[in-house]
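# Fold and geometry: a report
Listed below are the residues making up each chain.
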Amino acid sequence: LNLFLFYGGISYLLTVNQENRQAMAWVRENTPADSRFVVLDFPYGWFSDSVAEWFPALTERQSLLTVQAQEWLPGAASKVSTQLSEATNCRMDGLSCFEKFATKNQLQMEYVYFSTNARSEYQPPEYSSVIEAQISTSPNYSLVYSNADVRIYQKLR
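Now for a quick tour of the structure.

About the cut-offs
- The numbers attached to residues start from 1 for each chain and follow its sequence in the written order.
- Thresholds applied to this predicted model are a pLDDT of at least 70 for local features of residues and 80 or more for the giving and counting of side-chain atom pairs; totals over whole chains, interfaces and linings are not thresholded and use all residues.
- Hydrogen atoms and water are omitted, and side-chain values are computed over all heavy atoms in the structure.
- Definition used for salt bridges: Asp or Glu carboxyl oxygen within 4 Å of a side-chain nitrogen of Lys or Arg.
- Partly exposed describes any residue whose relative accessible area lies between the buried limit of under 20% and the exposed limit of over 50%, with all areas from a 1.4 Å probe on protein chains only and scaled to the type maximum.
- A run of H or I in DSSP counts as a helix once it spans at least four residues, and a run of E counts as a strand once it spans at least two, with each numbered from the N terminus.
- Our working definition of a disulfide is a cysteine sulfur pair at a distance within 2.5 Å.
- When DSSP finds at least two bridges between two strands, those strands are taken to pair.
- Any pair of residues with heavy atoms lying within 4.5 Å of one another is described as a contacting pair.
- Helix axes are fitted only over the stretch in contact, all axes being lines through C-alpha atoms; the angle between N-to-C directions runs from 0 to 180 degrees.
- Working note: the arc is built from the helix axis to C-beta atom directions.
- In this text, buried Ala, Val, Leu, Ile, Met, Phe, Trp, Tyr and Cys residues form a nonpolar core when linked through side-chain atoms within 4.5 Å.

In this structure the tally under the stated criterion is four salt bridges. Close ionic contact of Glu29 with Arg28 constitutes a salt bridge, the shortest N to O distance being 3.9 Å. In this structure Glu29 comes out as exposed when scored by relative accessible area, which is 60%. Arg151 is the partner of Glu132 in a salt bridge, and the nearest nitrogen-oxygen pair spans 2.5 Å. Linking Glu132 in helix H6 (residues 130–135) with Arg151 in strand E5 (residues 150–155), this pair joins segments that are 19 residues apart in sequence. By the burial criterion, Glu132 is buried, and Arg151 matches it.

Within the structure shown, the criterion is met by one disulfide. Sulfur-sulfur distance for the disulfide between Cys90 and Cys97 comes to 2.0 Å. A torsion of -65° about the S-S bond marks the disulfide between Cys90 and Cys97 as left-handed.

A few words on the pairing of strand E1 (residues 36–40). Regular strands show a simple pattern: their side chains alternate between the two faces of the sheet. When you tally the buried positions in E1, you get four out of five residues, the bulk of the element. Inspection of the sheet shows E1 paired to strand E2 (residues 62–63) by two bridges, in the parallel sense. The residue of E2 that forms the bridge with Arg36 is Gln62.

The five strands lie next to each other as E2-E1-E3-E5-E4, forming an open sheet whose pairing is mixed. Taken across any chain shown, the strands that pair with only one partner, and hence form the sheet edges, are E2 and strand E4 (141–146). As defined by bridge partners, E4 adjoins E5 across five bridges and the pair is classed as antiparallel. Its bridge partner lying in E5, Tyr145 is registered against Ile152. Its contacts with the sheet place helix H3 (residues 50–59) against E1, E2 and strand E3 (111–115), and it is angled at close to 155° to E1.

Let us look at helix H5 (residues 95–104). What H5 keeps buried is the set Leu95, Phe98, Phe101 and Ala102. Viewed along the axis of H5, the buried residues span an arc of 125°, placing them on a single side of the element. Structural note: H5 exposes Lys100, Thr103 and Lys104 on the side pointing more than 90 degrees away from its buried face.

Before going further, it helps to examine the pairing of E3. For E3, a buried count of five out of five residues is recorded, marking the element as mostly surrounded by other parts of the structure. Burial along E3 is two-sided: Tyr111, Tyr113 and Ser115 facing one way and Val112 and Phe114 facing the other are all buried.

Attention now moves to H3. Note on helix geometry: an α-helix contains 3.6 residues per turn, so any two residues three or four positions apart are oriented the same way. The complete set of buried residues in H3 reads Ser50, Val51, Ala52, Phe55 and Thr59. Buried residues in H3 make contact with helix H2 (18–30), E1, E2 and E3. Following H3 by one or two positions, Glu60 adopts a phi angle in the positive range, close to 60°.

What follows is about the nonpolar core. Ranked by internal contacts, the top residues of the largest apolar core, which has 19 residues, are Leu40 and Phe98. Counting residues per element, this core draws most heavily on H5, at four residues. With near-sequence residues (within four places) excluded, Leu40 lies in contact with Leu65, Ala87, Phe98, Val112, Tyr113, Phe114, Ser115 and Ile131. Among the nonpolar cores identified, the runner-up in size contains 14 residues, and Met24, Val39, Phe55 and Tyr145 belong to it.

So, in structure tokens, the structure goes:
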């Protein structure tokens, strides 16, 4: 009970939902092993980003904005944490903001993975962000996977 009050009600014991586990299995089975992803689930902070945290382990693919496991590399966790915050700040500004961010940070991504990591009692919105809504109609991206909570777009070259 005291732990609940200390963390303000955010449960750090929850992991990824079934839809994310299904999507991550699809990624592992259907994308090249050297694929690079930007995972955007818009966490409160990197410390509560369970989707990005589990993504590398469950997909065996690189997540460019996952802070977890960067703590051991000098300066890496701080850099990636800042980048994640910048990407999250583009949530309502849209695709132009996100693409400027990606260019500035030289993110060589092939895929963008969107999720709200919704629980069964919560119906996720059609799009997780303005970024995703605009990517869904952009000629520079193609939807390659979708389920009730996850959409994965491939960046077209």
